[in-house]
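# Report on the structure
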Amino acid sequence: MDTLDFDFTLPRRSFRLELALAVGRETFALVGPSGAGKTSVLRAVAGLVRPARGRIALGGRVLFDAAAGIDLPPEERRVGFVFQEYALFPHMTVEKNVAYAGRTRAADVLERFRIGHLAKSRPGELSGGERQRVGLARALARNPSVLLLDEPLSALDPHTRASVRAELRTILDRLDVPVLLVTHDFQDAAVLADRVGVLIDGRLLQTGAPTELIASPADAFVASFTGANLLTGCALLGPDGLTQVTLADGNLLYSVDGAKGLVDIAVDPWEISIAREPHDDSALNHVRGPITSLVHIGNRARVQIGTLVAEVTRQSIDRLDLKQGDVVVASFKAAATRLVARRPGIESASCGAEQRAGADAGRWATAARAPREH
Amino acid sequence: MIRRRLFTTALSFAAVVALVFLLLPLLAIFLRVPPAELFAQLGSEVAIDAIVVTLKATGIAQALILLVGTPAAYLIASRGFRGRAFVVTLVELPLVLPPAVAGIGLLAAFGRLGLLGSTFDLLGVSISFTQTAVVLAVSYVASPFYLRQAIASFEAIDHALLDASRTLGAGPARTFFRIALPLAGKGLAAGAALSFARGIGEFGATIMFAGSLQGVTQTLSLAIYAQFDLDFDVALALGALLVIVSAAILLTVKLISAWTRSTSTSPSPVARFGSS
């Protein structure tokens, strides 16, 4: 039926965007860091930029086919596009903005999106959340065959973001056309999308349901992108059925995941607890080190121990009277870790005996990465 | 203490000298002859002829500038092409060109013995020393003021708005008329006012290319020049008229830019006045 189906190559300044994807009646999120080519994908589908090679089809209609010389202009593609800053026409009222698309009666559309009371307002007078609703209403007013959203939440302040995100999810669920959205925020993608694709340097690294990506990231980047800590080490199967991972600094960590050779261990910041001495609890993994930074975010705190980031409540920081420089023990369960096999490369050769020998390196000299800040 | 006061006094003195120097000639125009008599002189035949020629030539030139300049500026502003910076510089060249050079250039291109002169001769058309020549001279000298401002105004439009228009089903023409033109409107108006002011005061290129024939090619500026040793009072009256018109245009431009600053959400800045 109404499937968005494309396979094209689009040369960008520093890389080639090469992508093949089919999006059915679902919400598909392309996530990736800025500069990965996410927006270019949307622009190519909308006809605002022309791929060098390939084909873009929507249901039975061919929108673009380089070989056949087909390239429909944007106005003939029936594509709904919600721009990053919403791109509302500043010289028109909300009503005129929505009527600009023109297929259906503007008043009906405004009612459907519960923005009837804003009809006579100018975009400059609206809040971020209201602008987004107007942008959506305008894009959907033409009954497009596909909806494209460019960073739909990035223009919002943190206070409205969560509520708008939930509201957007409800709206997207009710649509019966393919929805393709791009975001740099994995959490946004996880809430909004049925499927997520990780796009880096113009290539799709991994595709799957958000939970699949978190549970079994294809590589280190995907794991770090989902917000997890990453530590690199050498894995081998222990006698108790757990996997033992030796880190470069000699620390031994345990995981319930099975793997062998050079691996990345992913663990979410909120799975890590902090104490002055190791607890006598079920956590098997303990990492000792000084606190290198301590940042309060609302009622939580982000504590950095080496390259490991833990997210704990403010109360526990106060209770332990922790401050920067204090030596603490970070603990997490073997069940809270995920092992990600390293893609073969130069580093895989270094997994072996010399790692244990280099135990006195003392620091986290591994390729561990801190999670992205949002 | 005394030294500080001395410095402040020196600054004030310089400011007063500058202002008086700039204002004195303008005041002198109005002070030499009583205002009532001054405006009576505007009823003279020379004055009326000059006003008619100026309004007609500048009006036609301004219409041509808007009609051709607006789409040209939109194209230059919205397309990225090779040599674009060169084209923009080329458009600005007449701004810094001495008017006499513009005059001789127009003669060399459109004059009887000029580049296209023989072509026009075959068609039985002679341009130089006609009202058409005045229109061409004014257009040549004044159009860069409009073009430059128009390019800047179109460039200032958020490109996402034009893209949004296209995805909402509007073709390039509808996008131009419904989105680009209204959003650039204030900047275009300011540019038009500036080029109008330049056109109305045009002298050098006109006198070389069109001559100074009363009732045919003699504009206000040319009439002032022709009258100042014949009837100084008429020259003064014409001067007074131009002072008032120029002041009104300057005020208009200032008001437009102030209005643009205070009402616009996506800025379309008006380029600085008097940058030539």
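Structure report, in brief. It should be emphasised that the depicted structure is a prediction, and the values quoted were computed from it without experimental measurement.

## Focus: the overall build of chain A
Counting its regular elements, chain A contains 10 helices and 21 strands. Along the longest, intermediate and shortest principal axes, the C-alpha atoms of chain A span 70 × 50 × 35 Å. Pairs at least 24 apart in sequence give 69% of the contacts found in chain A among residues at least 6 apart.

## Focus: the pairing of strand E1 (residues 4-11) of chain A
Residue and element names in this part refer to chain A. Residues Leu4, Phe6, Phe8 and Leu10 of E1 are buried on one face, while the alternating residues Asp5, Asp7, Thr9 and Pro11, pointing to the opposite face, are not. Relative to strand E4 (residues 53-58), E1 is paired through six bridges, and the arrangement is antiparallel. Within E4, the position partnered with aspartate 7 by the bridge is arginine 55. Judged from the eight bridges that link them, E1 and strand E2 (residues 16-23) form a sheet pairing that is antiparallel. When the bridges of E2 are listed, phenylalanine 6 appears paired with leucine 21. In this antiparallel pair of consecutive strands, E1 and E2, the connection spans four residues.

## A short note on the packing of helix H4 (residues 84-96) of chain B against helix H7 (residues 131-155) of chain B
Residue and element names in this part refer to chain B. Relative orientation of the contacting elements H4 and H7 amounts to 140°, with a least axis distance of 7 Å. Of the possible angle classes, the one that applies to H4 and H7 is oblique. The interaxial crossing formed by H4 with H7 has left-handed handedness. Here H4 contributes Val88, Val91, Glu92, Pro94 and Leu95 to the contact with H7, which in turn contributes Tyr140, Val141, Pro144, Leu147, Arg148 and Ile151. In the contact of H4 with H7, the residues fall into nine nonpolar, no polar and two charged.

## A word on the interface of chain B and chain A
Accessible area lost on assembly of the parts is the figure often given for the size of an interface. Tallying the contact residues gives 16 residues for chain B and 19 residues for chain A. Sorting the residues of the side of chain B that touches chain A by element identifies helix H8 (159-167) and helix H9 (172-200) of chain B as the ones contributing at least two each.

## Examining the sheet that holds strand E9 (residues 179-183) of chain A
All names here are of chain A. Read from one edge to the other, the open sheet built from six strands follows the order E7-E8-E9-E3-E10-E11, with strand pairing classed as mixed. Of all the strands in the sheet, just strand E7 (79-82) and strand E11 (203-208) have a single pairing partner and so form its edges. Adjacent strand axes in the sheet meet at a mean angle of 20°, parallel and antiparallel pairs treated alike. By the bridge criterion, five bridges tie strand E10 (residues 195-200) to E11 in an arrangement that is antiparallel. Bridged to valine 196 within E11 is glycine 208. Its contacts with the sheet place helix H1 (residues 38-46) against strand E3 (27-31), E7, strand E8 (146-150), E9 and E10, and it is angled at close to 150° to E9. The strands that helix H4 (residues 128-140) touches are E7 and E8; relative to E7, the one it contacts most, it runs at about 170°.

## Overview of unusual backbone geometry
Residues and elements named next belong to chain A. In the Ramachandran plot, arginine 114 falls in the positive-phi region, its phi being about 50° despite a non-glycine side chain. By the secondary structure assignment, arginine 114 is in the loop between helix H3 (106-112) and H4. Its identity is not glycine, yet aspartate 321 carries a phi of approximately 55°, on the positive side. Relative to the elements of secondary structure, aspartate 321 occurs in the loop between helix H9 (314-320) and strand E20 (327-332). The exposure class of aspartate 321 is exposed, given the 8 C-beta atoms found within 10 Å.

About the criteria used
- Residues numbered from 1 in each chain as written.
- Chains lettered and ligands numbered in written order.
- Predicted model: local features only at pLDDT ≥ 70, side-chain atom pairs only at ≥ 80, totals over all residues.
- Helix = DSSP H or I, 4+ residues; strand = E, 2+ residues; numbered from the N terminus.
- Contact = placed C-beta atoms within 7 Å.
- Buried ≥ 20, exposed ≤ 12 C-beta atoms within 10 Å, placed from the backbone.
- Pairing = 2+ DSSP bridges.
- Axes fitted to C-alpha atoms, helices over the stretch in contact; angles between N-to-C directions.
- Parallel < 35°, antiparallel > 145°, perpendicular 65-115°, else oblique.
- Left-handed = near helix turned anticlockwise from the far one by under 90°.
- Nonpolar A, V, L, I, M, F, W, Y, C, P; charged D, E, K, R; others polar.

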